[in-house]
Amino acid sequence: MQSKDRTAIIDHFEGLLSEHGASHKTLGFGRPESQLRRFEMLAQVGDLDGSSVLDVFCGLADMYDFLRANHLNVDYQGVEVVPAFVRHIRKARPQIKVEVGDFLEDSFQGEWDYVFASGIFYRRVSDSRELMQRSIAKMFRLCRKAVAFNSLSGYADRREADEFLASPEDTFAFCKTLTPYVTLRHDYMPHDFTVYMYKR
Ligand SMILES: C[S@@+](CC[C@H](N)C(=O)[O-])C[C@H]1O[C@@H](n2cnc3c(N)ncnc32)[C@H](O)[C@@H]1O
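Residues numbered from 1 in each chain as written. Predicted model: local features only at pLDDT ≥ 70, side-chain atom pairs only at ≥ 80, totals over all residues. Heavy atoms only, no water.

J.: Give a detailed account of the sheet that holds strand 3 (residues 97-100), specifying residues and quantitative values.
T.: If you trace the seven strands from one edge of the open sheet to the other, you get 3-2-1-4-5-7-6, paired in mixed fashion. For this open sheet the edge positions go to strand 3 and strand 6 (181-185), each flanked by a neighbour on one side alone. Recorded for the sheet is a direction-independent mean angle of 15° between the axes of neighbouring strands. In the sheet, strand 4 (residues 112-117) pairs with strand 5 (residues 143-152) via five bridges, with the strands oriented parallel. Residue pairing across strands places Ala 117 opposite Phe 149, the latter belonging to strand 5. Across the face of the sheet, helix 4 (residues 83-92) comes into contact with strand 2 (75-80) and strand 3 while running at roughly 155° to strand 3. (Pairing = 2+ DSSP bridges. Helix = DSSP H or I, 4+ residues; strand = E, 2+ residues; numbered from the N terminus. Axes fitted to C-alpha atoms, helices over the stretch in contact; angles between N-to-C directions. Contact = heavy atoms within 4.5 Å.)

J.: Describe the layout of surface pockets, and please don't skip the residues or the numbers.
T.: Counted as a void, the largest pocket has a volume near 610 Å³. Lining the largest pocket we find 25 residues, and of these Gly 28, Arg 38, Leu 152, Glu 163 and His 191 sit closest to its centre. Elements with a contribution of two residues or more to the lining of the largest pocket: helix 2 (32-43) and strand 5. Take the lining of the largest pocket: its biggest share by element is three residues, from strand 5. A class-by-class count of the residues in the lining of the largest pocket yields 10 nonpolar, eight polar and seven charged. (1 Å grid on protein atoms, 1.4 Å probe; cavity = no way out; pocket = protein on both sides within 12 Å on 5 of 7 lines; lining within 4 Å. Points joined across faces, edges and corners; volume = space filled by probe spheres on them. Nonpolar A, V, L, I, M, F, W, Y, C, P; charged D, E, K, R; others polar.)

Have a look at this one:
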């Protein structure tokens, strides 16, 4: 991510955290259900029980709570670029493994069974499409089994000026260059899609 975009993302979300505290509003979700619905879709990528999971740009690590609430025993790790989010997680739930930083930096490496990303592309940055593709490619490199991510869709019937709406077809075609095993789901919300990418 370009440094001006990184600064803008950090300022945006730190402002929302000061205003709303640990709330779906801070993460930009209109309703708690829309965050939850996206987690439900991501979790359907495979049998997660007993696996290791990386949550890319984990926000306030709400996915950790979702996985536990659904009795999924996973070795969870989050990575998040907004320092105040990471401080909040460490204070409120010190048992959660979370790293502060930009997932795309070369220094961020590792290997996980599943790599997830929810809601991480929605604010428009200088090079949103390229950044999305670089993120997908890195997520796929770091996973042993599968990647699951979502994005706002170009099929949305309205768009805000500061939002990035990805083309599901274009995203699917890009993912197919990385693996033959790709699932595109656009059947759960009119303005959002989820992609699963498998190693085999
Ligand atoms: C909508 S929040 C979602 C957080 C978490 N994944 C969840 O679902 O609860 C988006 C997160 O992605 C990070 N992010 C990085 N690039 C972003 C971008 N271009 N647009 C929106 N969020 C971005 C933010 O720091 C933020 O924590």
